[in-house]
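# Residue-level structural notes
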Amino acid sequence: MTSDVLSSKELSKIDPVFGQLSFDNHEQIVFCNDKDTGLKAIIGIHNTVLGPALGGTRMWNYNNEWEALNDVLRLSRGMTFKSAITGLNLGGGKAVIIGDAKTQKTPELMKRFGEFVHSLSGRYITAEDVGMDTADMDIVREVTPYVTGISESKGGAGNPSPITAYGVFMGMKAAAQFKYGSDVLEDKHVFVQGIGHVGESLVEHLVNEGAKVTIADINQERLEDVRSKYNVAIYNGNDIYSEKMDIYAPCALGATINDNTVRKIQADIIAGAANNQLANEVRHGEILKDRNIVYAPDFLINAGGIINVYAELENYDRQEIIRKTENIFNTTIEILDRAKEGDVTPNSAALSIAKERIEMRKRELEK
Ligand SMILES: NC(=O)c1ccc[n+]([C@@H]2O[C@H](COP(=O)([O-])OP(=O)(O)OC[C@H]3O[C@@H](n4cnc5c(N)ncnc54)[C@H](O)[C@@H]3O)[C@@H](O)[C@H]2O)c1
């Protein structure tokens, strides 16, 4: 069954793709559908000036397709700036698969998705994100070389999450250095929201450093598991955003800093792994700045994962991965200083450096 033909007046109210607020001159958006496997995916290629668009695939049970499209557009744009600021020769892309990763992910679906990735001939290279792991990428690898984050036994760099967590830890330490004059996190009270692949690893670093850690997640089993491993506290309240804490580390999904939360947050520092933490990067970034809360830009400090998967393309070793990831500390300090000097938000300072790099490359290519 097809829907009624919409009148041009009705359509003008919708503009679902190019008119989306999150559409920021994306080069290409690919809608993938396969009846047999139930695959419904969207691949967003934001910008390929610096190189092929690399970014993970997220499988999530979105409320509707609009939400999925909005997510992929925001995520792929973020990848452009993440790679640019990290100095990697990669563009920005991302994919979302609509569905429940626990019940709807099958090897057939992953293979079919891989074939869609392959059809783009390397303009987009995938990896894991929420709802995916290295085993899924290994399946995708069976049908396309345009995938990273595959397991070490298959010649890949393995799960990127521990490196992402290490980079976030570096960014958090840099933010502490900037805010408190010391990067030592001992006795700082850190709330880690989302203790999945990255969050758990971050908890481990924080506990080793002597921080006081409280964890929050919607998955009760994960909470019990992480508590028993690291002896941390579970958050039992019903409004994490009103809690007093030193550092808030969003490590679940994006947009947790929004109109409902931004004025309540009690932390000195926000530093976490989640992509697109600010629902509106300008407005919410400004409010955090006015409230004297140091925000370590997500796309800057969560770049460890992409550094790790980039090693598969560039053949650099573990030592180089660690060196590049540790450099997140220096870049974060540089961005926070630059933001302070220019009286702009850290997000805006980081974005302008990333954009400068892309513009420079564009001019070189045009010569
Ligand atoms: N994995 C990486 O290397 C990597 C790299 C860069 C950025 N990120 C970002 O970091 C975040 C976490 O990634 P991950 O790989 O750990 O994902 P994951 O799926 O392993 O973990 C996410 C966790 O968040 C929990 N969660 C979901 N909604 C929540 C909510 N409303 N409140 C509390 N907890 C909630 C889930 O139950 C899960 O435990 C994502 O935003 C991802 O895009 C991940």
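None of the values given here were measured: they were computed from a predicted structure. (Residues numbered from 1 in each chain as written. Predicted model: local features only at pLDDT ≥ 70, side-chain atom pairs only at ≥ 80, totals over all residues. Heavy atoms only, no water.)

### A closer look at the pairing of strand E8 (residues 212–216)
For E8, the buried fraction is high: four of the five residues fall into the buried class. Across five bridges, strand E7 (residues 189–193) lies against E8 in parallel orientation. Bridging from a neighbouring strand, glutamine 193 pairs with alanine 216 of E8. In terms of handedness, the path from E7 via helix H6 (residues 197–209) over to E8 forms a crossover that is right-handed. The pairing of E8 with strand E9 (residues 233–234) spans two bridges and is classified as parallel. Within E9, the position partnered with threonine 214 by the bridge is alanine 233. Taken together, E8, helix H7 (residues 220–230) and E9 constitute a β-α-β crossover, and its handedness is right-handed. (Buried < 20%, exposed > 50% of the residue type's maximum accessible area, 1.4 Å probe, protein only. Helix = DSSP H or I, 4+ residues; strand = E, 2+ residues; numbered from the N terminus. Pairing = 2+ DSSP bridges. Right-handed = clockwise from strand over helix to strand, strands pointing away.)

### Structural notes on the packing of helix H5 (residues 161–180) against helix H11 (residues 318–342)
Running from N to C, H5 and H11 cross one another at 30°; their axes reach a closest spacing of 9 Å. Here H5 is positioned roughly parallel relative to H11, judged by the angle of their axes. Viewed along their axes, H5 and H11 form a crossing whose handedness is right-handed. Note on element contacts: H11 touches H5 through Arg318, Ile321, Ile322, Thr325, Glu326, Ile328, Phe329, Thr332, Ile333, Leu336, Asp337 and Lys340, opposite Ile163, Tyr166, Gly167, Met170, Gly171, Lys173, Ala174, Ala175, Gln177 and Phe178. (Axes fitted to C-alpha atoms, helices over the stretch in contact; angles between N-to-C directions. Parallel < 35°, antiparallel > 145°, perpendicular 65-115°, else oblique. Left-handed = near helix turned anticlockwise from the far one by under 90°. Contact = heavy atoms within 4.5 Å.)

### Observations regarding the nonpolar core
If you look at the biggest cluster of nonpolar residues, it comprises 67 residues, and the most contacted ones within it are Met172, Val192, Leu202, Val203, Leu206 and Ile215. Ranked by the residues each element gives to this core, the list is headed by H5, at 10 residues. Counting 23 residues, the second largest nonpolar core, distinct from the first, contains Val30, Met110, Phe113 and Ile150. (Core = buried A, V, L, I, M, F, W, Y, C linked by side-chain atoms within 4.5 Å.)

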